[in-house]
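# Reading the structure
Listed below are the residues making up each chain.
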Amino acid sequence: MTTIEERTITLDSARAGTGPATWGQRAIWGVVTRLGDDAPRYNLRLNLPVTPPRPASRVLADLAELLRMHDSLRTRLLPEGEDGLRQVVDGTGELPATVRVCTPVEAEAVGEALMEELAGRSFDHAREWPFRVGLVEHEGVVHRLVLAASHTAMDLWGEGRMLRDLTLIEAGESAEALLRARPAVQPLDAAALQATPQGRRRDEAARRYWCERLTSGPRRIFLNPAAPDLAVTHPGRLFPNALLRSPALAVAVEQVAARLGVSDAAVLLGAASHQLAKISGSSDVLFQVVVSNRFQPAAAESVSTMAQEAVFLLPMADKDFEDAVLRTRSVAFGAFRHAGYDKWALDRQVARLVERGEAADHSCWWNDTRDPGVGPFDTVERPRAALEELLVRTELSWPIDFLPRANVSVAIDVLTAPGALELSMTADPALLSREGMEQLLRGVERLVVDAAMAVKNA
């Protein structure tokens, strides 16, 4: 039997302040506030085992130290005029912790339900902290820790840093000691830098780079849409989501990257560009690529939302796979350099290009979510089977359908799984059928695997 209680995390004497929102905060806040009831889709959610189980008082104290360490977890966002957004970092306050009491056997399932409850509600960014906590307890001891956060507080990279810091705090480290050892950019500091002349020049250069690529890119990527009438007759059509889980791809991408002297991220993006060009009919491919924007050590340590999109334009992507990969490296370098900007200002410029018919199709998205420090074979043994044999182990599933999102025709995420890489793809059925989605995903896998096998057979 499950019972419901509530505890409180009390914070005092932490850093406080107010200032303009960062580019990352503005970008994500603009997205989630437009989504309305669909906003919880962007919330981050975790249901973590506490091993060994710990007293509730100790867990709450650790979470208070985590709040003290990272300003973004206690930052509210307030609209300011027509084009302003202000961040307010609270130095004191109380955060409720929702408690479920059950038997240890029930803890995981109860934690899953609590996670969906906490993450399934939108955040009131002006009034509440973008962080929610849940505890699953038995006799005053916590067996599961449930966390939910707004995307305005952190991106996936920031989530990983938050979990690492919480583990260190649980081991006895203090927020002060951790920040001395690994200085982390806080959002107020990032916003101050963005407001300097140097920051403004970076913003202007990035927006100029974006507009130049949009005006030279393809006006349409899908030249032969699968079911164009759907876009008119079913404006609320659901977008299927496909998940390809491939042990072969996890092995092959490392080998191809080493041979070509590029990153495995470049291999995957180049393969996706090449395959999309072949399927869509457009020789030139344009992706909006999500970039972590954590190129400096202090930024890499930040628990905040810093990721933004780069515009990646690869001409003649259909000509040759290896050529596409090699050019991806150089094109991505320039694109990533220009992935930090004021998105609201860029959106206005892009809207004007769209109105004049001068903007390329920029509805295809690529998001490599992998942490470079976490590999598919960190926790499982690397397979010894040949690549052709590993291909038999590939799994393709269709986990869920999504509501349509503005300016999204195709979205592909790269994820790390134990012993495999995963490609998660969502697509507009008016443009690409399920068969087309499978052809694209399996085509990416086959391109990389064939390139790896060609080396071994040479």
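Our subject is the structure listed above.
As a starting point, this report considers the structure included with it. As the structure is a prediction and not an experimental result, all values here were calculated from the model. (Residues numbered from 1 in each chain as written. Predicted model: local features only at pLDDT ≥ 70, side-chain atom pairs only at ≥ 80, totals over all residues. Heavy atoms only, no water.)

## As for the overall build of the protein
In terms of regular secondary structure, the protein is built from 15 helices and 15 strands. Relative to a compact globule of 458 residues, whose C-alpha radius of gyration would be 23 Å, the protein shows 23 Å and is just as compact. For the protein, the spread of C-alpha atoms along the principal axes amounts to about 60 × 55 × 50 Å. Here the protein, with 458 residues, has 53% of them falling under the buried criterion. Considering only intrachain contacts with a sequence separation of at least 6, the fraction spanning at least 24 residues in the protein is 80%. Accessible surface for the protein amounts to roughly 20300 Å². Of this, 53% is attributable to carbon and sulfur atoms. (Helix = DSSP H or I, 4+ residues; strand = E, 2+ residues; numbered from the N terminus. Rg over C-alpha atoms; globule rule 2.2 N^0.38 Å. Buried < 20%, exposed > 50% of the residue type's maximum accessible area, 1.4 Å probe, protein only. Contact = heavy atoms within 4.5 Å. Areas by Shrake-Rupley, 256 points an atom, 1.4 Å probe, with all protein chains shown as cover.)

## Notes on the pattern of salt bridges
For the structure on display, the rule yields 40 salt bridges. Measuring nitrogen to oxygen at the nearest pair gives 2.6 Å for the salt bridge that ties R54 to D62. Judged on exposure class, the residue R54 and its partner D62 are both buried. Residue R164 is joined to E301 by a salt bridge in which the shortest nitrogen-to-oxygen separation is 2.5 Å. Taken as a pair, R164 in helix 4 (residues 156-170) and E301 in the loop between helix 11 (297-300) and strand 11 (308-314) lie far apart in primary sequence, 137 residues in all. Judged by its relative accessible area of 23%, R164 is partly exposed. (Salt bridge = Lys/Arg side-chain N within 4 Å of Asp/Glu carboxyl O.)

## A short note on the nonpolar core
If you look at the biggest cluster of nonpolar residues, it comprises 73 residues, and the most contacted ones within it are F287, W366, M425 and V448. Among the nonpolar cores identified, the runner-up in size contains 34 residues, and L46, L66, L135 and M162 belong to it. (Core = buried A, V, L, I, M, F, W, Y, C linked by side-chain atoms within 4.5 Å.)

## A closer look at unusual backbone geometry
In this structure, the amide linkage connecting T51 to the following residue, P52, adopts the cis form with an omega of -10 degrees. Residue placement: P52 occurs in strand 3 (residues 44-55). In this structure, N293 takes a positive phi of about 55 degrees despite not being glycine. Of note, N293 is situated in the loop between strand 10 (285-291) and helix 11. Residue N293 is classed as buried on the basis of its relative accessible area, which comes to 9%. Phi at N407 is positive, roughly 55 degrees, even though this residue is not glycine. Its place among the elements puts N407 in the loop between strand 13 (395-402) and strand 14 (410-417).

## Describing the sheet that holds strand 5 (residues 84-89)
One open sheet holds the 3 strands; their spatial order is 2-5-4, and the pairing between them is antiparallel. Both outer strands of the open sheet, strand 2 (17-20) and strand 4 (75-80), are each paired with one neighbouring strand and no more. Adjacent strand axes in the sheet meet at a mean angle of 25 degrees, parallel and antiparallel pairs treated alike. The pairing of strand 4 with strand 5 spans 6 bridges and is antiparallel. The residue bridging L77 from the neighbouring strand is Q87, located in strand 5. (Pairing = 2+ DSSP bridges. Axes fitted to C-alpha atoms, helices over the stretch in contact; angles between N-to-C directions.)

## Focus on the packing of aromatic side chains
Using the criterion set out here, one finds 3 aromatic pairs in the structure. Ring geometry for W210 and Y341: centres 6.0 Å apart, planes at 70 degrees, overall edge-to-face. Here W210, found in helix 7 (residues 197-216), pairs with Y341, found in the loop between helix 12 (321-337) and helix 13 (343-355); they are 131 residues apart in sequence, far enough to count as distant. A single burial state applies to W210 and to Y341, both of which are buried. (Phe/Tyr/Trp six-rings, centres within 6.5 Å; stacked < 30°, edge-to-face > 60°.)

## Focus on the pairing of strand 10
Counting buried residues along strand 10, 6 of its 7 residues qualify, which places the element largely inside the surrounding structure. Pairing of strand 10 with strand 12 (residues 364-368) involves 2 bridges; the strand directions are parallel. Residue pairing in the sheet places Q288 in a bridge with W365 of strand 12.

## Overview of helix 2 (residues 56-69)
Between its first and last C-alpha, helix 2 extends 20 Å over 14 residues, near the 20 Å set by a 1.5 Å rise per residue. Buried residues dominate helix 2, accounting for 10 of its 14 residues. Among the residues making up helix 2, those that are buried are A56, V59, L60, D62, L63, A64, E65, L66, L67 and M69. (Expected span 1.5 Å × (residues − 1).)

## Some details on helix 6 (residues 187-194)
Think of an α-helix as turning once every 3.6 residues; residues three or four places apart then point the same way. Residues P187, L188, A190, A191 and Q194 constitute the buried set of helix 6. Seen end-on, helix 6 carries its buried residues on one side only, within an arc spanning 160 degrees. Tucked into the core, helix 6 has its buried residues touching strand 2, helix 1 (23-35), strand 5 and helix 7. (Arc of directions from axis to C-beta.)

## Notes on the packing of helix 7 against helix 13
Closest axis-to-axis distance for the helix 7/helix 13 pair is 10 Å, and the angle between their directions is 25 degrees. By the angle between their axes, helix 7 is roughly parallel relative to helix 13. By crossing handedness, the relation of helix 7 to helix 13 is classed as right-handed. In contact with R207, W210, C211, L214 and T215 of helix 7, helix 13 contributes A345, L346, Q349, V350 and L353. Of the residues assigned to the contact of helix 7 with helix 13, the class counts are 7 nonpolar, 2 polar and 1 charged. (Parallel < 35°, antiparallel > 145°, perpendicular 65-115°, else oblique. Left-handed = near helix turned anticlockwise from the far one by under 90°. Nonpolar A, V, L, I, M, F, W, Y, C, P; charged D, E, K, R; others polar.)

## Points about the sheet that holds strand 11
With mixed pairing, the 7 strands of this open sheet are ordered in space as 11-10-12-14-15-9-13. A strand with exactly one partner marks an edge of an open sheet, and here the two such strands are strand 11 and strand 13. Across the sheet, the mean angle from the axis of one strand to that of its neighbour is 25 degrees, orientation sign disregarded. Note: strand 10 against strand 11, 7 bridges, orientation antiparallel. Its bridge partner lying in strand 11, V290 is registered against E309.

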